[in-house]
Each structure stands twice: as structure tokens, then as C-alpha cells.
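Each chain, letter by letter, is given below.
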Amino acid sequence: MIPTADREWTLKEIRRALADLDKERFVKKSSYEDVAYLENAIHELRNAERSLMSEKEEELISQLRNAATLLSEHSRAIRANVAKMNRVAKVVDNIEGVVKRVVDVIQEFNRWH
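Residues numbered from 1 in each chain as written. Predicted model: local features only at pLDDT ≥ 70, side-chain atom pairs only at ≥ 80, totals over all residues. Heavy atoms only, no water.

Undergrad: Even after reading the chapter, I still don't get the overall build of the protein chain, so can you show me in this structure?
TA: Each helix and strand counted, the protein chain has two helices and zero strands in total. Structurally, the protein chain occupies a C-alpha span of about 120 × 25 × 15 Å along its principal axes. Counting the 113 residues in the protein chain, one finds 11% classified as buried. Considering only residue pairs separated by 6 or more positions, the protein chain has 46% of its internal contacts joining residues 24 or more positions apart. For the protein chain, the exposed area adds up to about 9800 Å²; of that, 59% sits on carbon and sulfur atoms. Taking the 20 positively charged and 20 negatively charged side chains of the protein chain as two groups, their mean positions are separated by 9 Å. (Helix = DSSP H or I, 4+ residues; strand = E, 2+ residues; numbered from the N terminus. Buried < 20%, exposed > 50% of the residue type's maximum accessible area, 1.4 Å probe, protein only. Contact = heavy atoms within 4.5 Å. Areas by Shrake-Rupley, 256 points an atom, 1.4 Å probe, with all protein chains shown as cover. Lys, Arg positive; Asp, Glu negative; His and termini not counted. Charge placed at Lys NZ, Arg CZ, Asp CG, Glu CD.)

Undergrad: Looking at this structure, how should I read a nonpolar patch on the surface?
TA: A contiguous nonpolar patch, built from Val91, Ile95, Val99 and Val103 and spanning about 330 Å² of accessible area, is present on the exposed surface. Mapped onto the elements of the fold, Ile95 is located in helix H2 (residues 32-112). (Patch = residues over 30% accessible without salt bridge, like charges linked within 9 Å, V, L, I, M, F, W, Y side chains within 5 Å. Salt bridge = Lys/Arg side-chain N within 4 Å of Asp/Glu carboxyl O.)

Undergrad: Help me out: how do you make sense of the side chain of Glu13 in this one?
TA: When you line up the elements, Glu13 lands in helix H1 (residues 11-25). The exposure class assigned to Glu13 is buried, which follows from its relative accessible area of 11%.

Undergrad: Looking at this structure, I do not really get the nonpolar core. What am I missing?
TA: Nonpolar side chains in soluble globular proteins tend to end up buried together. Counting eight residues, the largest nonpolar core consists of Ile14, Ala17, Leu18, Leu21, Leu38, Ile42, Leu45 and Leu52. Elements supplying a minimum of two residues to this core: H1 and H2. Beyond its immediate sequence surroundings of up to four residues, Leu45 is in contact with Trp9, Ile14, Ala17, Leu18 and Leu21. (Core = buried A, V, L, I, M, F, W, Y, C linked by side-chain atoms within 4.5 Å.)

Undergrad: What is the right way to read the pattern of salt bridges from this model?
TA: One side chain can pair with another of opposite charge once the charged atoms of both are near each other. Evaluation of the coordinates by the stated rule reveals four salt bridges. The salt bridge partner of Arg15 is Glu49, with a shortest N-O separation of 2.8 Å. With a gap of 34 residues between them, Arg15 in helix H1 and Glu49 in helix H2 connect regions that are remote in the sequence. Taking relative accessible area as the criterion, Glu49 reaches 10% and is therefore assigned buried. Measuring nitrogen to oxygen at the nearest pair gives 3.2 Å for the salt bridge that ties Arg46 to Glu49. Here Arg46 pairs with Glu49, and both are found in helix H2, just three residues apart, close to one helical turn. Here the residues in one salt-bridge network are Arg15, Arg46 and Glu49, joined through shared partners.

Undergrad: What should I look at first to understand the packing of H1 against H2 in this one?
TA: A pair of packed helices can be characterised by two numbers: the angle between their axes and the separation between those axes. Where H1 meets H2, the closest approach of the two axes is 10 Å, and the angle between their N-to-C directions is 160°. What the angle tells us is that H1 and H2 run roughly antiparallel. Once H1 is placed against H2, the crossing between them reads as left-handed. From H1, Leu11, Ile14, Arg15, Ala17, Leu18, Leu21, Asp22, Glu24 and Arg25 reach across to H2, where they touch Val35, Leu38, Glu39, Ala41, Ile42, Leu45, Arg46, Ala48, Glu49, Leu52 and Met53. In terms of residue class, the contact of H1 with H2 is built from 13 nonpolar, no polar and seven charged. (Axes fitted to C-alpha atoms, helices over the stretch in contact; angles between N-to-C directions. Parallel < 35°, antiparallel > 145°, perpendicular 65-115°, else oblique. Left-handed = near helix turned anticlockwise from the far one by under 90°. Nonpolar A, V, L, I, M, F, W, Y, C, P; charged D, E, K, R; others polar.)

In C-alpha cells form, the structure reads like this:
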């Protein structure tokens, strides 16, 4: 099956057409002109295949760059949140230290009275 020229071919369709043309090219009853025509068609399909693969590669690279940008933004937000949480934890640690000192002072005071 060879797709029509009025729409874009998929990579799967191109590869199927290449396989079909390759089989046809090696039929012993093919004339020299037929083989030359088939080889030319195969050459054109290979060019179309390379072009389509290049387009898909560019799309994929663009999508990966976009994903990397999003990950970077999320990473930045996470680091900012971690920094905030660390400040809160540090304050809690300081309060804990103050409370322990107050308890120590109260215990010493009770021990002497």
C-alpha cells in the first residue's frame, strides 16, 4: 500500500512501502527500466524517511527541552520550600534549646530550695 501524495506519510507507511518495493525490485521478471524505476522510488522514500525522522527528532528535542525547563522550575521551587522549612526547623531547634535551659534552671532552683 502506497499512501497518496495529498497527505503526509507516517514512518510506518514509508517503511512498509520500502519493504514492498524492495521485494518487487528482486523479482526476476522485472525489466531494467522497472528496476531503475523501483530503485529511484526507493531512493525517494529513503529521503522522505530521513526527512521525517529529522522532523520527529527536532520535535522530541524541543519536548525534552521544555520538560527540562519545567523540571528546573520545579527544582527551584522545591529548593526554596526546603530553605523555608530549614529556617522553621532552625527556629524550633533554638526554642527547644531555650526550653531545655529553662527546665534546667527550674530543676536547679528546685534542688536548692
